[in-house]
Amino acid sequence: MAARKEVSHSPSFRWQRTHPALIVGHVLTVKVKREEPMGVCFRQSEIDGACSVHCLASVLVILNLAKAEALTHMAQRKYGVPADVWREFHDVYFQGCMADDLVERVNRLGLPLKLTARFKGDADLDHFAVRSLSRGDLVMLSFRSVLNRRTHHWALGVGVEGTQVGRETAVDTVLLIDPSADEPVFRAFNARLRVQVPSAARGLLNESPSKPVHWLYDSPEWPAEVVRLTGAVRFQRTDLSSG
């Protein structure tokens, strides 16, 4: 009688990784020294084009460079980082800001930040965004509709989600704080970008795809739509007092 061959099954599971400063609860917060945890989400209105400014405000709070309340009233502030942000961005508040322009304006603020960016047409754009988020960085992402061109939007990437099958890791989802969506409750994100073609997910961590990745922009506020990234800006603190 022939011996029965045992079939080995590699363990598989889904996982999420988000920025370590985020504290998940009924309100998404970050810890501030000697103060109560501070909310990190800023809601965009229906009439402005300031999704980039709202995402930048979240970055500044998460990296402990400005207080949420002061940023909420940046247009009335006369001094400090919030006032500087308003002076740099007030002229594009209603019309929006492209990725290269955003990098120039943030660099002029003189903050202890290192910005690294990829723009539309860069073959490394999707790979750079996923790799940076997987390493725990914050990445502002701009994306545009593939089919109807109606959506051109910024959201803040705060993490990634994917699968683990045996020793093979794949990222298929980018987790977002989206200023056009309601504040997340008991999770660190309120919108997602999900890879449309599963085979593309396998290479996002380890190699640069030869073609732009099609993502499904998935938010409770809007019908899901296919988008492509048009910019990715990574933020890293350069001083030693970011805790």
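Engineer: Explain the overall build of the chain here, please?
Structural biologist: Tallying secondary structure elements over the chain gives six helices and eleven strands in all. On C-alpha atoms alone, the chain measures out to a radius of gyration of 19 Å, which is about the 18 Å that the 2.2 N^0.38 rule sets for 243 residues. With the principal axes as the frame, the chain shows a C-alpha extent of 85 × 45 × 30 Å. Counting every position in the chain, which comprises 243 residues, the buried fraction comes to 51%. Considering only intrachain contacts with a sequence separation of at least 6, the fraction spanning at least 24 residues in the chain is 61%. Summing over all exposed atoms, the chain offers an accessible surface of approximately 13100 Å²; the carbon and sulfur share of this is 50%.

Engineer: Help me out: how do you make sense of the pattern of salt bridges in this one?
Structural biologist: Between side chains of opposite charge, a pair can form as their charged atoms come close. Within the structure shown, the criterion is met by 13 salt bridges. A salt bridge links Arg43 to Asp182; the nearest nitrogen and oxygen atoms lie 2.5 Å apart. One end of the pair, Arg43, is in the loop between β4 (35–39) and α1 (51–62); the other, Asp182, is in the loop between β8 (168–177) and β9 (191–195), and 139 residues separate them in sequence. Between Arg192 and Asp218 there is a salt bridge, and its shortest N-O distance comes to 2.6 Å. Here Arg192 is found in strand β9, whereas its partner Asp218 is found in strand β10 (residues 215–219), with 26 residues between them in sequence. Take Arg192: its relative accessible area is 25%, and that puts it in the partly exposed class. Among the residues examined, Asp218 registers a relative accessible area of 19% and is labelled buried. Beyond isolated ion pairs, a larger network of salt bridges with shared partners links Arg118, Asp122, Asp124 and Arg131.

Engineer: What is the right way to read the nonpolar core from this model?
Structural biologist: Most often, soluble globular proteins keep nonpolar side chains buried together rather than apart. Counting 45 residues, the largest nonpolar core has Leu60, Phe89, Leu102, Leu113, Met140, Leu156 and Phe235 as its most contacted members. Of the residues forming this core, the biggest block, nine residues, is contributed by α1. When neighbours within four sequence positions are excluded, Leu113 is seen to be in contact with Leu60, Leu63, Leu65, Val106, Phe235, Gln236, Arg237 and Thr238. Among the nonpolar cores identified, the runner-up in size contains 24 residues, and Val130, Val139, Leu141 and Leu229 belong to it.

Engineer: Help me understand a nonpolar patch on the surface, please; the structure alone is not making it clear to me.
Structural biologist: Together, Val24, Val185 and Phe186 line one region of the surface with nonpolar side chains, adding up to about 290 Å² of accessible area. Mapped onto the fold, Phe186 is located in the loop between β8 and β9. Taking the relative accessible area as the measure of exposure, Phe186 reaches 59% and is therefore exposed.

Analysis parameters
Residues numbered from 1 in each chain as written. Predicted model: local features only at pLDDT ≥ 70, side-chain atom pairs only at ≥ 80, totals over all residues. Heavy atoms only, no water. Helix = DSSP H or I, 4+ residues; strand = E, 2+ residues; numbered from the N terminus. Rg over C-alpha atoms; globule rule 2.2 N^0.38 Å. Buried < 20%, exposed > 50% of the residue type's maximum accessible area, 1.4 Å probe, protein only. Contact = heavy atoms within 4.5 Å. Areas by Shrake-Rupley, 256 points an atom, 1.4 Å probe, with all protein chains shown as cover. Salt bridge = Lys/Arg side-chain N within 4 Å of Asp/Glu carboxyl O. Core = buried A, V, L, I, M, F, W, Y, C linked by side-chain atoms within 4.5 Å. Patch = residues over 30% accessible without salt bridge, like charges linked within 9 Å, V, L, I, M, F, W, Y side chains within 5 Å.

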